[in-house]
Amino acid sequence: GGKGMRIAHSEAELEEGLERARSEARNSFGDDRCFIEKFVVEPRHIEIQVLGDKHGNVVHLGERECSIQRRHQKVIEEAPSPFLDGATRAAMGAQAVALAKAVDYCSAGTVEFIVDEDRNFFFLEMNTRLQVEHPVTELVTGLDLVEAMIRVAAGEKLELTQDDVTLRGWAMEARVYAEEPGRGFLPSTGRLTTYVEPSAPGVRVDSGVYEGGQVSMFYDPMIAKLCTHGPTREAARTLLRDAIDNYAIRGPGHNLNFLAALLDHPRFVEGRLTTNFIAEEYGERFEGVTPAEPVLHRIVALATVMRARQLNRAKEISGRLSPRPLAPDRLFAVEVDGRCFDVDAPEHDRTFVVSIDGGQPMEIVLHWRPGLPLARAAIDGRLMSAHVRRLPEGFEIDHQGASLSVLVRRHRATELARRMPHKPPPDTSKMVLSPMPGLIVRVAVAAGEPVKAGQELLVLEAMKMENVLRAERDGMVEKVEVAAGDTVSADALLVSLA
């Protein structure tokens, strides 16, 4: 699965990469031998699914495009590939079948290739098992690969020939990980306090978690595989992005916003993919996305009507001291990222008519009640879904890759809030904190040593991977709080810098 794989551009990177790879291999398998191979620049990772029986019959079931990767771990897979033509698909399929026949292979398996910009393909490896991304092949072929594996293992002949294999529509799979995209995609742990999977025609979720369950430091951080199937690539992509907006996860960090942003990236929409896509477009961390103005207005409108629903619902509670009816709230000041909007949101027959800064009114039918983690609404007849978390005077809203804190106040409350003193956040610039629970594998510095920005300080092992923690600025090591072999919790102080 790409564990231990590293690219070396210099002798120093080769030395460090070999050390980390050998350590991971020794801890995982008790065997620290490594090998070196040529790195193909601007590659695509495309694999062929094969199926063979004990009677010498082997067929291939088309390809899967797996180029969207981070640290050699696949993030989004799709079938078929937007890059291959019919001739290349046939040639790769023939080579995969020939390989399987040469070793008398019986079962489902995957032959992986690296493909360059001219559609030249190079054998990478064969995985003699069912792979994480097998659902996309099942969705476009209509076959159940697990059933097929069981049947051929029992000695049955394949019921289909190569001519029987047809690809219908397009399928995509996104791997939902417990990780912190804003902190360099470091794995995250914790209890799933909220877990709601999306459900819609064409949507499939393969998961092994549940609300109240624990994501621990001892296993791979993948939470689920979110899959969609549609008649075209664009239909599958849009359905997958909408499914993400209907997926609610609270507790550990997750990559849902990153996945949504990735699916909307122009390069992804056009199918211009390589294994370097994420590194080139997002670097080492995901900083979030700034929604376009129409999307921002919909988020502001949604937050406003949710707040209005909260306040108006509170006025209907029985047992008040005053029996007189209270007028519903409709005028609000909404703040998002330093911007302020005047919003008028009267409600008529359970339909809100929302006007932002005196602009064109929007009719909103809200399908939400206080406490639910997912908010759904019809805005001018267009459906919208978002993941919401309550704030004292508003909501945190995740929608189409954006994560925004939206404060919705009455105008008088806004005036009073501006008079409140600002409390600055604590200064942690001189502290190196543990990004997650884990095991300290190595400490590379000592008290009194000078360090440069980017220099290795410690190696932390968690979720089957070793993570190198580096200095974010130049400085002097004042104190090292841990030693190799220590187990640390998230946000534990590891190193203090002067």
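Small disclaimer: the values here were computed from a predicted structure and weren't measured.

Asker: I tried to follow the sheet that holds strand 24 (residues 431-433) on my own but got confused; where do I start?
Answerer: Each strand in a sheet pairs with its neighbour through backbone hydrogen bonds, running either in the same direction (parallel) or in the opposite one (antiparallel). The sheet built from four strands is open, its strands ordered 24-31-29-26 with antiparallel pairing. The open sheet terminates on both sides in strands that have one partner only, identified here as strand 24 and strand 26 (450-451). Looking at chain direction, strand 26 and strand 29 (residues 475-480) are connected through two bridges and run antiparallel. For Val451, the partnering residue across the bridge sits in strand 29 and is Gly475.

Asker: What exactly am I supposed to notice about the side chain of Thr110 here?
Answerer: Structurally, Thr110 can be placed in strand 4 (residues 107-115). At 3.0 Å, the side chain of Thr110 forms a polar contact with the side chain of Arg64. A polar side-chain atom of Thr110 sits 2.8 Å from a polar atom in the side chain of Gln131.

Asker: Please clarify how the pattern of salt bridges should be interpreted in this entry.
Answerer: Pairs may arise between side chains of opposite charge once their charged atoms sit close together. Counted by the stated rule, this structure contains 42 salt bridges. Across the pair Lys225 and Asp206 runs a salt bridge, and its minimum N-O distance is 3.7 Å. Pair noted here: Lys225 is in strand 13 (residues 222-230) and Asp206 is in strand 11 (residues 203-207), with a separation of 19 residues, a long-range link. According to the relative accessible area criterion, Lys225 is buried, its value standing at 10%.

Asker: I would appreciate a short explanation of the packing of aromatic side chains in the present structure.
Answerer: By convention here, two paired aromatic rings are described through the distance between centres and the angle between planes. Enumeration over the complete set of coordinates arrives at seven aromatic pairs. Look at Tyr195 and Tyr247: their rings are 5.7 Å apart centre to centre, the planes differ by 70°, and that puts the pair in the edge-to-face class. Placement of the pair is Tyr195 in strand 10 (residues 194-196) and Tyr247 in the loop between helix 5 (233-245) and strand 14 (248-250), with a sequence separation of 52 residues. Pair check on accessibility: Tyr195 and Tyr247 agree, each one buried. Aromatic side chains Phe258 and Phe286 sit 5.3 Å apart centroid to centroid with 65° between the ring planes, which places their arrangement in the edge-to-face category. Linking Phe258 in helix 6 (residues 256-263) with Phe286 in the loop between helix 8 (277-282) and helix 9 (293-315), this pair joins segments that are 28 residues apart in sequence. Relative accessible area serves as the criterion here: at 9%, Phe286 is assigned to the buried category. Every member of this aromatic cluster is reached through a ring pair, and the members are Phe185, Phe258, Tyr282 and Phe286. Against the face of Phe83 rests Arg119, its NZ or CZ located 4.6 Å from the ring centre. The ring of Phe268 carries Arg233 above its face, with NZ or CZ at 4.7 Å from the centroid.

Asker: Is there a simple way to think about the sheet that holds strand 30 (residues 487-488) in this case?
Answerer: Within the open sheet, the four strands sit side by side as 28-27-25-30. Their pairing is antiparallel. Only two strands of the sheet have a single neighbouring strand rather than two, namely strand 28 (465-470) and strand 30. Pairing of strand 27 (residues 456-462) with strand 28 involves six bridges; the strand directions are antiparallel. In the sheet register, Leu460 faces strand 28, and the bridge partner there is Asn467. Packing of helix 1 (residues 11-29) onto the sheet brings it into contact with strand 25 (438-443), strand 27 and strand 28, and relative to strand 28 it is tilted by some 145°.

Cut-offs used in this document
- Residues numbered from 1 in each chain as written.
- Predicted model: local features only at pLDDT ≥ 70, side-chain atom pairs only at ≥ 80, totals over all residues.
- Heavy atoms only, no water.
- Pairing = 2+ DSSP bridges.
- Helix = DSSP H or I, 4+ residues; strand = E, 2+ residues; numbered from the N terminus.
- Polar contact = N/O pair within 3.5 Å; in protein donor to acceptor, adjacent residues only side chain to side chain.
- Salt bridge = Lys/Arg side-chain N within 4 Å of Asp/Glu carboxyl O.
- Buried < 20%, exposed > 50% of the residue type's maximum accessible area, 1.4 Å probe, protein only.
- Phe/Tyr/Trp six-rings, centres within 6.5 Å; stacked < 30°, edge-to-face > 60°.
- Lys NZ or Arg CZ within 6 Å of the ring centre and 35° of its normal.
- Contact = heavy atoms within 4.5 Å.
- Axes fitted to C-alpha atoms, helices over the stretch in contact; angles between N-to-C directions.

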